[in-house]
Amino acid sequence: MVSSPSPSGAGLGCQVRCSGCREILNVPAGINEFSCPRCKLPQMLPPELLSKGGRGSAAAAGAAPQGIDPTKIQLPCAHCKALLNVPHGLARFACPQCGVDLAVDLTKLQHYLSSMANHPLMLPAFGEDPAEEVNEVAEDMEREQDEGGTAGETFTDYRPSKLSIGPPHPDPVVETSSLSAVQPPDPTYELKIKDQIVKSKSLSCLQIETIVYSCQRHAQHLSSGARAGFFMGDGAGVGKGRTIAGLIWENWHHGRHKALWISVGSDLKYDARRDLDDVGASCIEVHALNKLPYSKLDSKSVGIKEGVLFLTYSSLIASSDKGRSRLQQLIQWCGPEYDGLLIFDECHKAKNLIPEAGGQATRTGEAVVEIQARLPETRVVYCSATGASEPRNMGYMVRLGLWGTGTAFPQFHDFLGALEKGGVGALELVAMDMKARGMYVCRTLSFKGAEFEVIEAPLEAEMMDMYTKAAEFWAELRVELLTANAYLFDEKPNPSLLWRLYWASHQRFFRHLCMAAKVPAAVRLAKQALLEDKCVVIGLQSTGEARTEEAVTKYGLEMDDFVSGPRELLLKLVEENYPLPQKPNVFPGEEGARDVQRKRHSASPGISFKGRVRKVAKWQHASDSDGNGDIFSDSEHESTESDEEFQICEICMTEEEKKKLLCCSCCGKLVHSSCLVPPLVDLPVDKWSCPSCKEETDDYMQQRQAYLAEISNRYEAAKERKSKILDIIRSLNLPNNPLDDIIDRLGGPDNVAELTGRRGMLVRASTGKGVIYQARNTKEVAMEMVNMHEKQMFMDGKKLVAIISEAGSAGVSLQADRRALNQKRRVHLTLELPWSADRAIQQLGRTHRSNQASAPQYRLLFTNLGGERRFASIVAKRLETLGALTQGDRRAGPSLSAYNYDSNYGKKSLIMLYKAVMEQSDLPVMPPGCSPEKPDSIREYLMKAKAALVSVGIIRDSALGSGKDSGKITGRIVESDMNDVGRFLNRLLGLPPDIQNRLFEFFVSILDILVHDARKEGQFDSGIVDIKGNHIELKEPPKTVYMDPTSGASTVLFTFTIDRGITWEGANKLLDQNQESGLPCSSGGFYESRREWMGKRHFLLAFECSSAGSGMLKVFRPAVGEALREMPLEELQSKYRKVSSLEKAQKGWQEEYEVSSKQCMHGPKCKHGRFCTVGRRLQEVSVLGGLILPVWGTIEKALTKQVHQRHTRLRVVRVETTEERQRVVGLLIPNAAVTSVLQDLQWVQDLDP
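Here the structure is a predicted model, which means the values were calculated and not measured. (Residues numbered from 1 in each chain as written. Predicted model: local features only at pLDDT ≥ 70, side-chain atom pairs only at ≥ 80, totals over all residues. Heavy atoms only, no water.)

Engineer: Hey, could you go over the overall build of the chain for me, with residue numbers and the actual values?
Structural biologist: A tally of helices and strands in the chain yields 36 helices and 48 strands. The buried share of the chain, reckoned over its 1249 residues, is 51%. Within the chain, contacts between residues at least 6 apart in sequence are counted, and of these 70% link residues at least 24 apart. Of the roughly 58,400 Å² that the chain leaves accessible, carbon and sulfur atoms contribute 51%. (Helix = DSSP H or I, 4+ residues; strand = E, 2+ residues; numbered from the N terminus. Buried < 20%, exposed > 50% of the residue type's maximum accessible area, 1.4 Å probe, protein only. Contact = heavy atoms within 4.5 Å. Areas by Shrake-Rupley, 256 points an atom, 1.4 Å probe, with all protein chains shown as cover.)

Here it is in structure tokens:
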């Protein structure tokens, strides 16, 4: 039966939400097919409203309305009027339909509810069915369930699971627990060098495992026809270099005597030589490409027929002056049928092949892809601890077969879109998927013994004053540049270029200042470590070489003190970019009046008089020289002579000899001297001007002189202001270059080893007065070997402090190596956090490597400036995805999550902050230092915040209000800035510390609320979470639903039965253990709920956490065991009361324990029926494990059909059985979606035992 329901009227039947316009519709009893009266979309009732007895009977029987959640309050959106299900206690939220931020006014809520009490649309179920009464305990448990489980152990000890060749690794090696749940394929490859390496013990068991799986993978071909590649993702220091050497040696025994080894630095060629010698491959030569000509490598003149060709990524894109490229040279040497090794060592250098929107692909990335395409049979190995820090950076890994022909993703952009949509959990699946197919290994050295500590280095009083004055100066400089720019005329330069340079310099300046602020703390920690008989490694990114060289060029090789990087940067900005008016080229007095007249009356517009004369002269000269004077006729010559000898006076109009007439030098008029009034008696010897020309020229010259004087005054005034600004900059108290400062404070170059990319350095003069610029190398050490020399000095213990930068330390080992003389424990200080987590991991890996006598101590230094967290937020964001992709678990990297602000929640927080500061919306939280009782403090904060945002260019077109808005700052924030967290945190750097930290604290407070609400609503992306239970077992044999034809790996559906509850005896035991531990126990015990639901109360066990005085209690429930979140004592006492009688507590506990095995917490009439698991003790969990990427699209499609929002989200979980300890990691498939998933996959069979 088809009908048109009413949009919101009353009547019998049921209520549903239109699937088109989302309006609530009242469908009369007996109607199952209908069209929406608003959007005209034909539709039918959902399946759960159609009973077996006939369509529409469920509605006729008075079933609970669908589309409206009776456990929540129904309130209309103030903007789009959509009916929203609002959980009790939620005060602020965003409308899911229109996105408008909403707030519940509690003072008006009761009046609204009472006025709508008889409205069937708003309160359809209140007072009708006690089974649907709002249950606060059920809501708490539902939110916890949506958030997922707790994070379990991060790492597990690693040992090859299917190979037992070779000795154990010299240091403990671990793998993330997520990756350890995935088994690699069975090894089928037989090593030819097996006996040799087992005898020499040159390779450990895990290095041999990598070689086996790499060779096994190289025996396969992708659907595109290219040979499959292998990804070696072992962490820094595990020994990837020696593993590569073993792989080259294995291929050598198969007759493949050529190999290409591409790395980041030419110095690493010596490490490659050492690794080959270590595995017994001394006969294989290593050729450095940068030392070879561009001619054919196998020619007689060069003579390279075989061996390892070692080159850098810079060489890969290099070309000669004659246009010969290294890439073409390599391809010619290999030949089209080349099937040897192509090793991309430190392959993260090829990232950015697929840049962000608006960016361009790097030449390196393009070259890496091109060489793979030109050599389809080559055996590719991608080797890096940070090779896939983001899915976008995997674009060059075309030989992994994750996208392209024969996969679920036709193009890389499809693969990228799926992963970005799936969030962190989807990224984690990539690593597990690659391991299951035998194309990926990722182990890391155990961080056991290593210490991580984030040390906040507060600004000292002098630095605080310096920072404040610098921030004020930059704000004044911005106003000065705006003013100077406004005075320019048509010659105005590109203003957008000026401001790009301004803000780029602004960021570098304050970043440099932040680094200099940490120098005292770094020096103090370094000296303390040296006193404790340790050695120190200090990591930074920028050396300040460019500013130093500029200063040396200006001031000479000898200076009074070290160069101040911030000062030189400011001087350069102002000197080169201060807007000056165009300097006048001609000043009064430099040009005579007749010259002006001549120019003004030039006969040919656009051609100067001098130019015309030169043109005529040139023509005449050419005619004479060429002997072509006879081309004119005699009559022409005669006519010309006549015209030249006689002319007419323009006053009396009589003809006269030309030499007797006066000729005006300006207009060319010819007159008799006697015809002039008054007559001219004395004939002028020099040039003469007629009276009319002379009068006009005098006026013109006066105006021109006035104009030139004005221009000159403006130019001189602007030049003077620029000079004053430069004088102010020179007078500012600014810090010296941190690198030179640290070296000087720690004893100079004789005591500090420097491993950087700079060529020269400033050192303290021997007299102690002034500094001298000198080259870093000496006569005995070449410049290209200076870093290797410095490293050896450190490893031999001759220097106990090393300073490293990214440019000079790539691939360098500085650990407490057992083979080195200096085996003192390393204290690694990060003075400057790298721009990305990729580089952070690389830097930290310099001091944590294999065969070390002791693990390092890491000290990450930050100032207490909120703005500096910008750089930490970038790294934290990378660390999350880096851990997900390269280690299979986002929790695997060092914990910097507290500094991760550049996220979707961060963007939402920033929008709310801007709207609050601009007074376009209510305050989401109370600003720091303010209180509701003191509204003046709030107004003062908003005023200061506005002024601060104006000073750093966030608020534009600002003006001070008048009238009733007197004192208020108005302006606008452009749309692109509203959610640009990076720009906000960058600009924060340029504010005085006080308002900078208050603004940052306000931002973080808003972010905390958004994340907290997202967790409560089950919308927070937690990555891999553990599903816990007191007893977990497989319900039935797993089902294989897909098998990869290349590797034989499969996708398997696991169904688990989980008992989450705690028996009465178990609860008592927990309470006894807590009391015996000596922790505070005044609040510990059994509690019952103050309210009843369905005639029953809920019970729980609560006791204090380990942290005394925290006011937080652990909570255990009969049905679900330990709660995910700890409960504040105040909340506990408001919802529950302590049970004094153990008999009462036991009876209630046991009853709830038994009932929860059969039904959920909503009772027997729950609208979700058997699929609801909220508060159910016994439940089934379905997990799809093994290969996921090949069936990704099928699963995603099946989940989109689910009714509940939380069931449509891809969630990665980890489950471990209680008895067999079988661990499974995969996608959680909601029970309601299992049938749909299996039907879409179309193949189900029992897994062979």
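Engineer: Talk me through the packing of aromatic side chains; I want residue IDs and the actual numbers.
Structural biologist: This model, assessed by the stated rule, comprises 24 aromatic pairs. Consider the rings of Phe231 and Tyr440, whose centres lie 5.2 Å apart with planes at 50°: the pair is tilted. With a gap of 209 residues between them, Phe231 in strand S12 (residues 230-232) and Tyr440 in strand S18 (residues 440-441) connect regions that are remote in the sequence. Residue classification places Phe231 among the buried positions, given a relative accessible area of 1%. Over the ring of Trp503 we find Arg987, and its NZ or CZ is 3.6 Å from the ring centre. (Phe/Tyr/Trp six-rings, centres within 6.5 Å; stacked < 30°, edge-to-face > 60°. Lys NZ or Arg CZ within 6 Å of the ring centre and 35° of its normal.)

Engineer: Would you mind going over the nonpolar core in detail, with residue names and values included?
Structural biologist: Side chains that are nonpolar tend, in soluble globular proteins, to be buried together. Within the largest apolar cluster, 74 residues are counted, with the highest numbers of intra-cluster contacts made by Phe344 and Leu402. Counting residues per element, this core draws most heavily on helix H12 (residues 412-436), at 13 residues. Other than its neighbours up to four places away in sequence, Phe344 contacts Ile262, Tyr313, Val368, Ile371, Gln372, Val380, Val381, Tyr382 and Cys383. Counting residues in each nonpolar core, the second largest holds 72 residues, with Trp499, Leu910, Tyr941 and Phe984 among its members. (Core = buried A, V, L, I, M, F, W, Y, C linked by side-chain atoms within 4.5 Å.)

Engineer: For the pairing of strand S40 (residues 1099-1104), give the residues involved together with the corresponding values.
Structural biologist: Among the six residues of S40, six are classified as buried, and the element is accordingly described as predominantly covered. Taken together, the four bridges between strand S39 (residues 1085-1089) and S40 define a ladder with antiparallel strand orientation. Counterpart to Phe1086 in the pairing with S40 is Leu1101. Relative to strand S41 (residues 1112-1117), S40 is paired through four bridges, and the arrangement is antiparallel. Note that in S41 the partner of Phe1103 across the bridge is Lys1114. (Pairing = 2+ DSSP bridges.)

Engineer: Summarise the pairing of strand S46 (residues 1212-1216); cite the residues concerned and give the values.
Structural biologist: Counting buried residues in S46 gives four out of five residues, a clear majority hidden from the surface. Pairing between strand S35 (residues 1025-1026) and S46: two bridges, direction parallel. Among the inter-strand pairings, Val1025 is bridged to a residue of S46, identified as Val1213. Relative to strand S47 (residues 1223-1229), S46 runs antiparallel, the two being bridged by five bridges. Of the residues in S47, the one forming a bridge with Val1213 is Gly1226. Linking S46 to S47, which pair antiparallel, is a turn of six residues; within it Arg1221 sits at a positive phi near 55°.

Engineer: Would you mind going over helix H32 (residues 1064-1076) in detail, with residue names and values included?
Structural biologist: With 13 residues, H32 extends 19 Å between its outermost C-alpha atoms, agreeing within 8% with the 18 Å of an ideal straight helix rising 1.5 Å per residue. Residues Trp1064, Ala1067, Leu1071 and Asn1074 constitute the buried set of H32. In an axial view of H32, the angular spread of the buried residues amounts to 90°, which keeps them on one side of the axis. Away from the buried face of H32 by more than 90 degrees, exposed residues Glu1065, Lys1069 and Glu1076 are located. The inward-facing, buried residues of H32 contact S39, S40 and helix H34 (1142-1155). (Expected span 1.5 Å × (residues − 1). Arc of directions from axis to C-beta.)

Engineer: A description of the pattern of salt bridges should follow, citing residues and the corresponding values.
Structural biologist: For the structure shown, the criterion picks out 38 salt bridges. Between Lys162 and Asp186 there is a salt bridge whose closest N-O contact spans 2.9 Å. You can see Lys162 sitting in the loop between strand S10 (155-157) and strand S11 (173-176) and its partner Asp186 sitting in the loop between helix H4 (177-180) and helix H5 (194-200), a full 24 residues away along the chain. The class of Lys162 is partly exposed, set by a relative accessible area of 32%. According to the relative accessible area criterion, Asp186 is exposed, its value standing at 52%. (Salt bridge = Lys/Arg side-chain N within 4 Å of Asp/Glu carboxyl O.)

Engineer: Outline the sheet that holds strand S20 (residues 451-457), listing residues and values.
Structural biologist: The strand order across the open sheet formed by six strands is S20-S32-S31-S21-S30-S27, and the pairing between neighbours is parallel. For this open sheet the edge positions go to S20 and strand S27 (752-755), each flanked by a neighbour on one side alone. Strand-to-strand, the axes of this sheet are offset by a mean angle of 20°, without reference to chain direction. Packed onto the sheet, helix H23 (residues 786-795) meets strand S21 (535-539), S27, strand S30 (801-804) and strand S31 (826-830) and runs at close to 145° relative to S27. (Axes fitted to C-alpha atoms, helices over the stretch in contact; angles between N-to-C directions.)

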